[in-house]
Amino acid sequence: MTVAKILWGLLIIIICFFIVNNASPYFNFESSSYDSEDIRPFQYVLISHILFGIIAILSGPIQFFSYFRVKYPSFHKTLGKVYLFSVLSSSLASIYLAVFHAIQYKGYFTFGVGLLGLAFAWLCTSGMAYAVILKKNIAQHREWMIRSYVVTCGFVVFRIVFGLLEQVFYLPHIDSGNIAAWFSWSIPLLGCEIILQTKKKSENNK
């Protein structure tokens, strides 16, 4: 078993854990996730954001396996469209929540802008992946899809970073949220870019 397969396996386990423990409770309107009354006016937008986010994060991994792409090209194309539509739907809901709940309703400007940054990074990376595949540029499409999926996983990274900052380092709730909102997409995306460019440079030097 290769290192890549092991890492993918670990990532999928973490994603499933995140969905079960952090995302699924929101589908029960009577759960403790809705104890805070300020979220109830936005519950349906939140559900839309979570639902399409789950579809995006689950439909992503299989797209990166060359065996699947070669053996089932039509399904790969269809699943890619499902992924992109889910990203669009979830990110638009995220923008709405960031503006009207986090910034306007709660007054969490730094937190809200961080979430807006995540949403726009999600839209831009996914939009570029779609734009270049229309021009049959497969190499760039793969690179942009990698960037897009890194941002998709930002929601999982957010929960991990937020939990560490609040429960391990005992930072105040709002400070933990502010840091996590910016860290969850900017740092992973930066790391992804360094890896992609290093790999490209290495291939060009061969």
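Just so it is clear, the model here is predicted, and its values are computed rather than measured.

What counts and how
- Residues numbered from 1 in each chain as written.
- Predicted model: local features only at pLDDT ≥ 70, side-chain atom pairs only at ≥ 80, totals over all residues.
- Heavy atoms only, no water.
- Helix = DSSP H or I, 4+ residues; strand = E, 2+ residues; numbered from the N terminus.
- Buried < 20%, exposed > 50% of the residue type's maximum accessible area, 1.4 Å probe, protein only.
- Contact = heavy atoms within 4.5 Å.
- Salt bridge = Lys/Arg side-chain N within 4 Å of Asp/Glu carboxyl O.
- pLDDT = per-residue confidence, 0-100.
- Core = buried A, V, L, I, M, F, W, Y, C linked by side-chain atoms within 4.5 Å.

## Observations concerning the side chain of S126
At step 1: Examined against the element boundaries, S126 turns out to sit in helix 5 (residues 109-134).
At step 2: Look at S126 and you get buried, because its relative accessible area is 4%.
At step 3: Ignoring anything within four residues of it in the chain, the contact list for S126 reads Y83, L84, V87 and S148.

## Side note on unusual backbone geometry
At step 1: Of note in the backbone geometry, K136 takes a positive phi value of approximately 65° without being a glycine.
At step 2: The topology assignment puts K136 in the loop between helix 5 and helix 6 (138-152).
At step 3: Accessibility expressed as a relative area gives 69% for K136, which makes it exposed.
At step 4: At Y170, a position not held by glycine, the phi torsion is positive, near 55°.
At step 5: You can see Y170 is positioned in the loop between helix 7 (154-168) and helix 8 (173-204).

## Topic: the pattern of salt bridges
At step 1: Considering all chains together, one arrives at five salt bridges under this definition.
At step 2: The salt bridge partner of K106 is D38, with a shortest N-O separation of 3.5 Å. Here the residue K106 occupies a position in the loop between helix 4 (73-105) and helix 5, and D38 occupies one in the loop between helix 1 (3-23) and helix 2 (43-59), the gap between them amounting to 68 residues.
At step 3: For K106, a relative accessible area of 31% puts it in the partly exposed group.
At step 4: Among the salt bridges present, the one from E143 reaches R147, with a minimum N-O distance of 3.6 Å. A residue pair is termed a helical-turn pair when its members lie 3 or 4 positions apart in one helix, as E143 and R147 do in helix 6 at four residues. Across the pair, R147 and E143 agree in class, each one buried.
At step 5: Taken together, the shared-partner salt bridges in this structure form one network comprising E143, R147, E193 and K200.

## Some thoughts on the confidence of the model for the chain
The predicted coordinates of low-pLDDT regions are not to be read in fine detail.
At step 1: The predicted model of the chain has a mean per-residue pLDDT of 94, with 99% of residues at 70 or higher.
At step 2: Across the chain, helix 5 holds the top mean pLDDT of 98, while helix 3 (residues 66-71) sits lowest at 86.

## Quick notes on the nonpolar core
Proteins that are soluble and globular tend to have nonpolar side chains buried together.
At step 1: Of all hydrophobic cores here, the largest spans 31 residues; its most connected members are I15, L46, I57, Y83, W122 and Y149.
At step 2: Among the elements of the structure, helix 1, helix 2, helix 4, helix 5, helix 6, helix 7 and helix 8 are those that each provide at least two residues to this core.
At step 3: With six residues, helix 2 is the largest single contributor of residues to this core.
At step 4: Among the nonpolar cores identified, the runner-up in size contains eight residues, and F111, F158, V161 and A181 belong to it.

## What about the environment of N22?
At step 1: On the secondary structure map, N22 appears in helix 1.
At step 2: Among the residues examined, N22 registers a relative accessible area of 25% and is labelled partly exposed.
At step 3: Sequence separation of N22 and F100 is 78 residues, and the distance between their C-alpha atoms is 22 Å.

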